[in-house]
There are 2 protein chains.
Amino acid sequence: MTFEIPPSLGVRGNEKIAVDMMSRMWGKKGVFTCTIANTLTSTIPGVSEAGDTPELTLYTGPADAEYLVMGKVTCMKGIPINPGGIPTPATLTKAALELSKMPYFIINGGSKIIPNIPCIEVGGECGQPVNTGHTLSNVQQAFEYGKILGNQLADAYDYVVVSESCAGGTTTALAVLLAMGTIKENLVSSSSPKNPKQLKWDLVMEGFKAAGIQIGDLADDPLKAIECFGDPMMPVNLGIALGAAKRVPVIFGGGTQMAPIMAAAVKMDPSIIGNIMQGTTRWLLADPNSNMVKIMENISADIPMVYINMDYSKSPYEGLQAYEWGFIKEGVGCGGSSVAAVLTSAGAIDCDMLLDRVHDLYKKVMHFD
Amino acid sequence: MTFEIPPSLGVRGNEKIAVDMMSRMWGKKGVFTCTIANTLTSTIPGVSEAGDTPELTLYTGPADAEYLVMGKVTCMKGIPINPGGIPTPATLTKAALELSKMPYFIINGGSKIIPNIPCIEVGGECGQPVNTGHTLSNVQQAFEYGKILGNQLADAYDYVVVSESCAGGTTTALAVLLAMGTIKENLVSSSSPKNPKQLKWDLVMEGFKAAGIQIGDLADDPLKAIECFGDPMMPVNLGIALGAAKRVPVIFGGGTQMAPIMAAAVKMDPSIIGNIMQGTTRWLLADPNSNMVKIMENISADIPMVYINMDYSKSPYEGLQAYEWGFIKEGVGCGGSSVAAVLTSAGAIDCDMLLDRVHDLYKKVMHFD
């Protein structure tokens, strides 16, 4: 049987591997995980727009998790928005999960703000600012627990989606990618179309100075790179991916924040290539201010990027149209869960259905207070 | 289509409801949860045999959870045994989960000993001894988190199994059942054939005195009964059951320890009757030293007991033969997971297959150190 890529999905990179993996997930039952975490990096003014104010960025992950699980937010007023008032991409994630009825679990990678829902705990704590050069404690435990969880999920599901909601995470991603030498320049994304590239770079270099390392010094020690410069969603997601991908396909749901995890994973176990892919959005890959494709070329030519072809340009809501102008683009595994919804439903779920559901959810979200 | 009860299963109580529920779970995908917890009640000498010594009873739940998830135990040496050397029933649970490939999650209801695996946390803490008359803190949170989790699981699965591993739990069960007036005498089970009935009764009465209540006083306030006399697996399992059973069938996996939760659940929401059943073992229902059937008659005539027809009498292992002599009988959801394995596989899994797998697992367990 020839597998045809459905029109709701697009592929960048190695299409052969993408098609092989998608055909193995077609109509099969997957599980979606979203790891929430806090890094104090996001509270440095100007770094993150994943929250209305620097302080509120700490609420973004926990509030996203509450919204996915309960359909409402209790740890803060309203829902996470960026300073322009554009709401969290979790509406798309929720649409995908509702339509596909895919099982979903929230993992607390390490948060300062604890959501009011049951989470899977892995022993992580809130991360320190990236410029300290030593951001995480307990990396080994979170990593090991991730591996256990990845194995546990592979026991019961045909594939696994990992994802994240962690404000400030593109800056920590930049730092880890530079420490590993995966990239030498700032190619990471931002939830704002005005990506504060210089500020992120300066903070990362400050962290490198504090840690006494240079670009590429930690190429052979990904866990050390994560411990020095990462955020708490990284070690557990790395563990889940390595634990699961030996046995079942794994989708890295997200944008450039997931790149350091993919880079670390293939460094630690190259045999998983062929069983991992990125699941993201058209918006992320179209972003002129970041370069996911180039980052991925540096990690491996054989990790395909599969994206959901969502288009919000005709949406009646300005907060959704904004995705077309470069806001938000990714987060809360909205791309990965949407790709998974299409695959799990064997194409029965498409972009039009997702858009309708997003509109239903968006209408409700507008009235949160 | 007429549903025929497969020979691996047996029914006590309302067969019509049992058949209706089983036909709705036949070949469908369920999810298994096991809530581990500690109550200091188990450390009172003579109360619990779910552990080699009173102190070691605290390790039983966490070690069972590690065994289910990792196939090995790291929080203690060996695996949980009773003072006669008879190993935990978790080998049967693991056999059922492995054969059925059913998704399974460990919930930490509240433990003093924390297992070295990722668990779903609900804000619970280790319970105080039953004779204090105030055993639990944070009951409302654990209950609410349970409801959220129950709803979350009902989003994605066709049915839900709740279960427990909590040494000392038959004594707390006795206390809660008496406080609610469900029973007036000691009908609960024990992992030992020499059920220490008088000791349990005396401890419960001491607790009642400390709390200033008499049998039946808390008939209309199940959460208060659990707060005063329960153990930490109760509020979260109650919440899961109430959250899930409005939408999907729920199996209470376990013996008399699950009775207070069923009593509380139907008190708080009688509409779930018809969508809940007990999943247990032949051994538990055959126990001459407890009376599950009578307890259930007092809760509701319409909660059927479905049991797995396992027979260890021809097993080459004395530690398994002992089940036929009244040891262990239930725990770690071994009955519920086995019933679920038969249902989910539409009868493809039967007692013979379970027995073979238990023997494989048992051989490995004997060499743990």
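Residues numbered from 1 in each chain as written. Chains lettered and ligands numbered in written order. Predicted model: local features only at pLDDT ≥ 70, side-chain atom pairs only at ≥ 80, totals over all residues.

Asker: Give a description of the overall build of chain A that names residues and reports values.
Answerer: Per the secondary structure count, chain A includes 14 helices and nine strands. Projected onto its principal axes, the C-alpha positions of chain A cover 50 × 45 × 40 Å. Across chain A, the fraction of contacts at a sequence separation of at least 24, relative to all contacts at a separation of at least 6, is 80%. (Helix = DSSP H or I, 4+ residues; strand = E, 2+ residues; numbered from the N terminus. Contact = placed C-beta atoms within 7 Å.)

Asker: Lay out the nonpolar core in plain terms, naming residues and giving numbers.
Answerer: Of all hydrophobic cores here, the largest spans 265 residues; its most connected members are Val160(A), Ala241(A), Val160(B) and Ala241(B). With near-sequence residues (within four places) excluded, Val160(B) lies in contact with Gly30(B), Val31(B), Gly150(B), Leu153(B), Ala154(B), Ile240(B), Ala244(B), Val248(B) and Val250(B). (Core = buried A, V, L, I, M, F, W, Y, C linked by C-beta atoms within 7 Å. Buried ≥ 20, exposed ≤ 12 C-beta atoms within 10 Å, placed from the backbone.)

Asker: A description of the environment of Val11(A) should follow, citing residues and the corresponding values.
Answerer: Residue and element names in this part refer to chain A. Examined against the element boundaries, Val 11 turns out to sit in strand E1 (residues 9–12). For Val 11 and Arg 282, which are 271 residues apart along the polypeptide, the C-alpha to C-alpha distance reads 9.7 Å. In contact with Val 11, other than residues within four places in its own chain, are Ile 5, Ala 18, Pro 304 and Val 306.

Asker: Go over the packing of helix H8 (residues 234–245) of chain B against helix H9 (residues 259–268) of chain B, please, and point to the residues and values.
Answerer: When two helices pack together, you describe them by how their axes are tilted relative to each other and by the distance separating the axes. Residue and element names in this part refer to chain B. Relative to each other, H8 and H9 sit at 45 degrees, their axes nearing to 9 Å. By the angle class used here, H8 and H9 are oblique. Of the two possible hands of crossing, H8 and H9 adopt the one that is right-handed. In contact with Met 234, Asn 237, Leu 238, Ala 241 and Leu 242 of H8, H9 contributes Pro 260, Ile 261, Ala 264, Ala 265 and Met 268. The class makeup of the residues in the contact of H8 with H9 is nine nonpolar, one polar and no charged. (Axes fitted to C-alpha atoms, helices over the stretch in contact; angles between N-to-C directions. Parallel < 35°, antiparallel > 145°, perpendicular 65-115°, else oblique. Left-handed = near helix turned anticlockwise from the far one by under 90°. Nonpolar A, V, L, I, M, F, W, Y, C, P; charged D, E, K, R; others polar.)

Asker: A description of the environment of Gly279(A) should follow, citing residues and the corresponding values.
Answerer: Residue and element names in this part refer to chain A. Tracing the backbone through its elements, the reader meets Gly 279 in strand E8 (residues 276–281). Between the alpha carbons of Gly 279 and Val 342 there is a distance of 11 Å; along the sequence they are 63 residues apart. The residues contacting Gly 279, other than those within four sequence positions of it, are Val 161, Ile 251, Phe 252, Gly 253, Val 306, Gly 335, Gly 336, Val 339 and Ala 340.

Asker: Go over helix H7 (residues 222–229) of chain A, please, and point to the residues and values.
Answerer: All names here are of chain A. Judged by how many residues are buried, H7 sits mostly within the fold: six of eight residues are covered. Within the sequence span of H7, burial applies to Pro 222, Ala 225, Ile 226, Glu 227, Cys 228 and Phe 229. Where H7 is buried, its residues meet helix H4 (139–156), helix H5 (169–179), helix H6 (197–211), helix H8 (234–245) and helix H9 (259–268).

Asker: Give a detailed account of the relation of the copies chain B and chain A, specifying residues and quantitative values.
Answerer: Each of the two copies of the chain can be brought onto the other by a rotation about an axis and a shift along it. Between chain B and chain A, the superposition needs a rotation of 180 degrees and an axial shift of 0.0 Å, giving an RMSD of 0.0 Å. Considering both components of the superposition, the chain copies are consistent with a two-fold axis. Of the C-alpha atoms belonging to chain B, the one lying closest to the rotation axis is found on Ile120(B), 2.1 Å away. When the interface residues of chain B are mapped onto chain A, 100% of them again fall at the interface, so both copies present the same face. (Least-squares fit on C-alpha atoms with pLDDT ≥ 70 in both.)

Asker: I'd like a rundown of the interface of chain B and chain A, residues and numbers included.
Answerer: Taken residue by residue, the interface counts 19 residues in chain B and 19 residues in chain A. Breaking the side of chain B that touches chain A down by element, the ones donating at least two residues are helix H2 (57–70), strand E4 (119–121) and helix H4 (139–156) of chain B. The element that contributes the greatest number of residues to the side of chain B that touches chain A is H4(B), accounting for six residues. Looking at side-chain class alone, the side of chain B that touches chain A contains 15 nonpolar, one polar and three charged residues. Of the pairings in the sheet, the one linking strand E4 (residues 119–121) of chain A to E4(B) comprises three bridges and is antiparallel in character. The residue of E4(B) that forms the bridge with Glu121(A) is Cys119(B). (Pairing = 2+ DSSP bridges.)

Asker: Explain helix H3 (residues 90–100) of chain B to me, using residue names and the numbers behind them.
Answerer: Where burial is concerned, most of H3(B) is hidden: 10 out of the 11 residues are buried. Against strand E2 (30–37), H2, strand E3 (104–110), helix H13 (334–344) and helix H14 (351–365) of chain B lie the buried residues of H3(B).

Asker: For unusual backbone geometry, give the residues involved together with the corresponding values.
Answerer: Residues and elements named next belong to chain A. Phi is positive for Asn 138, close to 60 degrees, though the residue is something other than glycine. Positionally, Asn 138 belongs in the loop between E4 and H4. One non-glycine residue with positive phi stands out, namely Ile 328, at about 60 degrees.

Asker: Which residues make up the confidence of the model for chain A, and what values go with them?
Answerer: Mean pLDDT over chain A stands at 96; residues scoring 70 or higher make up 99%. Taken together, the chains of this predicted complex give a pTM of 0.96 and an interface ipTM of 0.94. (pLDDT = per-residue confidence, 0-100.)

Asker: Report on the pairing of strand E5 (residues 159–162) of chain A, specifying residues and quantitative values.
Answerer: Residue and element names in this part refer to chain A. Neither face of E5 is open: one carries Tyr 159 and Val 161, the other Val 160 and Val 162, and all of them are buried. Strand direction decides the pairing type here: strand E2 (residues 30–37) and E5, joined by three bridges, are parallel. Looking at the pairing, Val 31 lines up with Val 160 of E5. Pairing of E5 with strand E7 (residues 250–253) involves three bridges; the strand directions are parallel. The residue of E7 that forms the bridge with Val 161 is Ile 251.

Asker: Pulling in residues and values, what's your account of the packing of helix H5 (residues 169–179) of chain B against H9(B)?
Answerer: All names here are of chain B. Relative orientation of the contacting elements H5 and H9 amounts to 30 degrees, with a least axis distance of 8 Å. Put simply, H5 runs roughly parallel to H9. In the packing of H5 onto H9, the handedness of the crossing is left-handed. Counting all contacts with H5, which are made through Ala 173, Val 176 and Leu 177, the residues of H9 involved are Ala 259, Pro 260 and Ala 263. Split into classes, the residues belonging to the contact of H5 with H9 amount to six nonpolar, no polar and no charged.

Asker: Explain the environment of Pro304(A) to me, and be specific about the residues and the numbers.
Answerer: Residues and elements named next belong to chain A. Structurally, Pro 304 can be placed in the loop between helix H11 (292–299) and strand E9 (305–308). Under the C-beta neighbour-count criterion, Pro 304 is labelled buried, with 24 such atoms within 10 Å. Between the C-alpha atoms of Pro 304 and Gly 279, which are 25 residues apart in sequence, the distance is 8.7 Å. Not counting residues within four places of it along the chain, the set of residues in contact with Pro 304 comprises Val 11, Gly 13, Asn 14, Glu 15, Ile 17, Ala 18 and Met 277.

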